[in-house]
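Commentary on secondary and tertiary structure
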Amino acid sequence: MFVEDFKNFLHFTQQYCLSVAVNVKKRWKYLLLLWLMVLAIYVYLGGSIIFIPKTLLIITGLIGSLAVCVDGKIYNKVCIMIILMGSIFAFITPVLDAPDENAHYSRALYISEGHLYLPSKPKEFQVSKDVVIADKVMKTPLIKSGLDKVRTSSDKAYYPQFVATNASSFVPYLPQVVGILIAKVLGLSVFASIVLGRLSNLIVYSLLVRLAIKKSNGKELLFSTIAMMPMAVYLASSFSTDGIANGLSILLLGMFCSFIDQSNINMKHISIFAFLCLLMATIKLPYVLLVGLLLFIPKKKFKSRHIYLYIISAIVFVAIISFLWLRLSSGINTTQVNDVANPVEKLKYTLTHLRTFSLFSFREIINLMPNLLPSLFTFGWLSYGLGNLIWFYLLFIACIIFTIPQYNPLPAFSKFGTLLVGFGITLGILMTAYLMWGKVTEMSFNGIQGRYFIGVILSMGLALNVSHIYVPAPVVLTNEEEERRDSLVLFIALLFIVMSIVLTILEYYGVKA
């Protein structure tokens, strides 16, 4: 049997290498442009021509070339491309340099020791000293941190920062915990613990995205492009819970699209959808509103009339559990994380100043996109970004959202639902920040970042596509034409990831001219 398996493996390897060789010849223009872009972006961002981090740039070019040559179904291609490019982020992102990664790494360590939720007493804020050691070299490139010489340890140290993860359950940390446990079982270093945790998170995100694209029902390019946003891949390649949160929100929207195309939706489908929304409540609470999409499935899609009553019951159940979770997590927030916040008193203050709050909120919502767009392309602890290059990405994503035809578009009723739910999630994010982080008398949405809205952007893409106005009838493409179109769109999305990787290399491994 071993001999037969080995022969099969050799056959697969041979076929894969042959496929890559064929695609190198077929996509040589893309490959040439990729290498030129690596150099051009490095120079544009101010990299020194004399002191060039050649090794890292060449590795980026080689892995990017492999991503260009990936073949197969679009959902498989995107999954592999995300893993390939995200792996670069996992290695080159400095120690705990992703947003709040010190808190997320310490929480993952805490869970790996068998604790499913946070301690209630400050004296219990004890976690593996691995995070304390890593914290001392925070923002230092991994390869220069010396963590490869430090073995993982079970010794405890006081580290209260992980309590800041109170809004999340243990669920979004499970992939990272797997990576940590592998490192511990094998007696590997803290360096390995960090890298394996990041890679595990990345793999789960890519698999969630793969399933979402597969279910998207004619909207594969929209889902693929959003999933390949540089910030989405960057976060998935860290210990951040945003990777799982984004993956789940993309999957839920993909499932919603698949429901629209089905003719016999049953209780099992509804139960799975509601359960995933319940998980979302314990990861990123405002996104629990995705459960409301069930109300915007045309009734003719249900196998029986009782399904609609079951949907109402499922939504009520999810709402009750979400409320209980909010009470639990907000209680920790007000006692341990942010002692100046008082949601109840702030709500009372807001109601007595409702006119002022309404005007403030109106201005903030109008300014939401221009204010938050730059942070969607600002990496690290909001310390470095792509600058004016984000406007090229805005043009690209706008074309995908508004103009590329979507096969099997959502009916108007369902589009309205995605728009309404997306707006509700946006308000939920804003109000969470307003009530949980500011002083009672302070009217501000502190701490809001563009990365919180990746799922909202996808829901807007489903609702606001207007390609039917100028392409009233679906354009039927041949397989070859469809492959060329998909390859071009995915290549452009890949280029923006490459830009972000080159930016990170220059920031921490290069020298600016």
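Our subject in this report is the structure included herewith. (Residues numbered from 1 in each chain as written. Predicted model: local features only at pLDDT ≥ 70, side-chain atom pairs only at ≥ 80, totals over all residues. Heavy atoms only, no water.)

1. Things to note about the packing of helix 11 (residues 242–261) against helix 19 (residues 454–464)
Defined as follows: Only the stretch in contact is used when a helix axis is fitted, and all axes are lines through C-alpha atoms; the angle between N-to-C directions ranges over 0 to 180 degrees. Put simply, DSSP marks the helices as runs of H or I at least four residues long and the strands as runs of E at least two long, and each gets a number from the N terminus on. Angles below 35 degrees are treated as roughly parallel, those above 145 as roughly antiparallel, those between 65 and 115 as roughly perpendicular, and all remaining angles as oblique. What makes a crossing left-handed is the near helix being turned counterclockwise from the far one by less than a right angle; a clockwise turn instead makes it right-handed. A contact between two residues is defined here by any heavy atoms of the two lying within 4.5 Å.
At a closest axis distance of 9 Å, the pairing of helix 11 and helix 19 adopts a crossing angle of 20 degrees. As far as their axial angle goes, helix 19 and helix 11 are roughly parallel. The handedness of the crossing between helix 11 and helix 19 comes out as right-handed. Here Asn246, Ser249, Ile250, Leu253 and Cys257 of helix 11 come into contact with helix 19, specifically with Ile454, Gly455, Leu458, Ser459 and Leu462.

2. Thoughts on the state of the cysteines
As a reminder, the rule being used: The term disulfide is used for any two cysteine sulfur atoms that are within 2.5 Å. Working definition: with a 1.4 Å probe on protein chains only, accessible area under 20% of the residue-type maximum means buried, over 50% means exposed, and in between means partly exposed.
Summed over the entire model, instances satisfying the criterion amount to zero disulfides. Not engaged in a disulfide, the cysteine Cys277 finds its nearest cysteine sulfur in Cys257; these two sulfurs lie 14 Å apart. On the basis of relative accessible area, Cys277 is assigned to the buried category, the value being 0%.

3. What about the packing of aromatic side chains?
Threshold: Each aromatic pair joins two rings of Phe, Tyr and Trp (for Trp, the six-membered one) with centres within 6.5 Å, and gets the label stacked for planes under 30 degrees apart, edge-to-face for over 60, and tilted for any other angle. Charges are assigned to positions over rings by a cutoff of 6 Å between ring centre and Lys NZ or Arg CZ, combined with an angular limit of 35 degrees from the ring normal.
The final tally for this structure, using the stated rule, is 20 aromatic pairs. Seen in terms of ring centroids, Phe125 and Phe162 are 6.1 Å apart; in terms of plane orientation they differ by 80 degrees. Their pairing is edge-to-face. Separated by 37 residues along the polypeptide, Phe125 in the loop between helix 5 (101–112) and strand 1 (126–128) and Phe162 in the loop between strand 2 (156–158) and helix 7 (174–185) bring together distant segments of the chain. Each member of the pair, Phe125 as well as Phe162, is classed as buried. The interplanar angle of 45 degrees and the centroid separation of 5.2 Å between the aromatic rings of Phe296 and Phe413 together place this pair among those described as tilted. Highlighted residues: Phe296 in the loop between helix 12 (267–281) and helix 13 (306–337) and Phe413 in helix 18 (residues 412–437), separated in sequence by 117 residues. Residue Phe296 is classed as buried on the basis of its relative accessible area, which comes to 11%. The class for Phe413 is partly exposed, based on a relative accessible area of 44%. By the ring-pair criterion, three or more aromatic residues cluster together here, those being Phe89, Tyr234, Phe379, Tyr384 and Tyr508. The ring centre of Tyr308 lies 5.0 Å from the NZ or CZ of Lys299, which sits over that ring. The aromatic ring of Tyr434 is capped on one face by Lys346, whose charged end is 4.2 Å from the ring centroid.

4. Thoughts on the environment of Ala412
Structurally, Ala412 can be placed in helix 18. The exposed category is assigned to Ala412, whose relative accessible area is 64%. For the pair Ala412 and Glu480, spaced 68 residues apart in sequence, the C-alpha to C-alpha distance is 31 Å.

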